[in-house]
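In case you want the letters, here they are:
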Amino acid sequence: MYMSLKLRSLAIFRSLFLLVIIWLLAACDANGEPVSRDPTLEPVSIVKRLATIAPTATPDTDDSEPDAPAPTLAPPTRTPTPTPYIGVFLGEAAVNPFAPVTRLDPAGAFVDVPTPERPFAVRVFCDIPHNELFGAGWREDTALVDELRCPIQIMFGFRGRVQIFEGGAMYSRPETGEVWAIQPGRGGEGGAYWYVGSAPEVGEVQFDDVPPGRIIPTEEIGAVWLTVPQVRGAMGFAIQNAFNGDINVQRFDGGSLFLDASSGQVFVLSLDGTAAGPYAGDLPEIGN
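I will try to describe carefully the structure that is included in this document. For every chain, the first residue of the written sequence is number 1, and numbering continues from 1 along that sequence. A pLDDT threshold of at least 70 governs which residues receive local features in this predicted model, and a stricter bar of 80 or more applies before side-chain atom pairs are shown or counted, although totals over entire chains, interfaces and linings include all residues. To obtain the side-chain values, all non-hydrogen atoms of the structure were used and water was disregarded.

Here we take up helix H3 (residues 219-227). Relative accessibility under 20% of the residue-type maximum defines a buried residue, over 50% an exposed one, and the middle range a partly exposed one, all with a 1.4 Å probe and only protein chains included. Put simply, DSSP H or I for four residues or longer makes a helix, DSSP E for two residues or longer makes a strand, and each gets a number counted from the N terminus. Along H3, the residues that are buried comprise Ile221, Gly222, Ala223, Val224 and Trp225. Residue contacts are counted whenever heavy atoms from the two residues lie within 4.5 Å of one another. Looking at the packing, one finds that the buried side of H3 touches strand S3 (156-164), strand S4 (169-173), strand S5 (178-183), strand S6 (191-196) and helix H4 (229-235).

Salt bridge criterion: a side-chain nitrogen from Lys or Arg within 4 Å of a carboxyl oxygen from Asp or Glu. This model, assessed by the stated rule, comprises 6 salt bridges. Residues glutamate 166 and arginine 214 are paired through a salt bridge, measuring 2.5 Å at the closest nitrogen-oxygen approach. Residue glutamate 166 is located in the loop between S3 and S4, and its partner arginine 214 is located in the loop between S6 and H3; the two are separated by 48 residues in the primary sequence. On the accessibility criterion, glutamate 166 (38% relative accessible area) is partly exposed. With a shortest N-O distance of 3.0 Å, arginine 173 and glutamate 175 are connected by a salt bridge.

As a further point, take the sheet that holds strand S8 (residues 255-260). When DSSP locates at least two bridges between a pair of strands, those strands are taken to pair. Spatially, the 8 strands close up into a barrel ordered S3-S4-S5-S6-S10-S9-S8-S7, and their pairing is antiparallel. The mean angle between the axes of side-by-side strands here comes to 35°, regardless of whether they run parallel or antiparallel. Summarising the sheet, S3 and strand S7 (residues 243-252) pair through 7 bridges and their orientation is antiparallel. Bridge pairing in S7 links glycine 157 to asparagine 248. Between the N-to-C directions of two axes lies an angle of 0 to 180 degrees, each axis being a line fitted to C-alpha atoms and, for a helix, fitted only over the stretch in contact. Helix-sheet contacts for H3 involve S3, S4, S5 and S6, and the interaxial angle to S4 is about 125°.

Moving on, we come to the nonpolar core. In plain words, nonpolar cores are sets of buried Ala, Val, Leu, Ile, Met, Phe, Trp, Tyr and Cys residues tied together by side-chain atoms within 4.5 Å. With 16 residues, the main nonpolar core has Phe165, Met170, Val224, Trp225, Val231 and Met235 as its most contacted residues. Among the elements of the structure, S5, H3 and H4 are those that each provide at least two residues to this core. When neighbours within four sequence positions are excluded, methionine 170 is seen to be in contact with Arg161, Val162, Gln163, Phe165, Val179, Trp180, Ala181, Ile221, Val224, Trp225, Val231 and Met235.

None of this, on its own, says anything about what the molecule does.
As structure tokens, this is what we get:
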């Protein structure tokens, strides 16, 4: 009984001793100095942990840095290359298009235009074909084809006056006053021609020393013959009186084709005043 009380007293003593030690430790700071319980006027900094939001895949536009400008890409470019042909491709050419042309197209759509000064011929496609009445004889001279180039109008005809002279022939179109004087080539040399758009008005022509069998022309033909010395010198005197005849003309880039239907003769009249021919026209037989 006595031992039990003694042990209980010892346990109580130990408990009180531990409480005293804990109180002393609480009354001292970390350095062992006693902590004052008096209030202080010095501010105490308060450190707070701010709540943060984890960044997302799309940052807020107000807090994010401005987007860098998008790069400007130049449009794709292609290096220009020569285009030899524009249009519908019909297949490989059967012949070299720059090779000399030696055959004429019978349809008249293509013409050959080689000249002695050029190394090759050029085929020209004409929107207006030449009229078949002028025949094909003049087309055998490629220099003439080259010079005429393409027709600029279809053939037209009129009823005119025809007169044969010592050096050639003269033609007139009474309703317009136009006059042509054509001197054919001689001895392999080219001929010449003169064209007057409106014949002048003259009185009666008087000429002395007219050779026997020769005639002084009259009307529009006579007016041009009298007033244009070059025509008179080239034509000489008329050898027969004027008569009515059908005349056909087709104008080209470089001159005209002139058909005297009364004789069936064709002349090539170039812009430089030269005349080639006569060539045979392709006139239909009377009654066909």
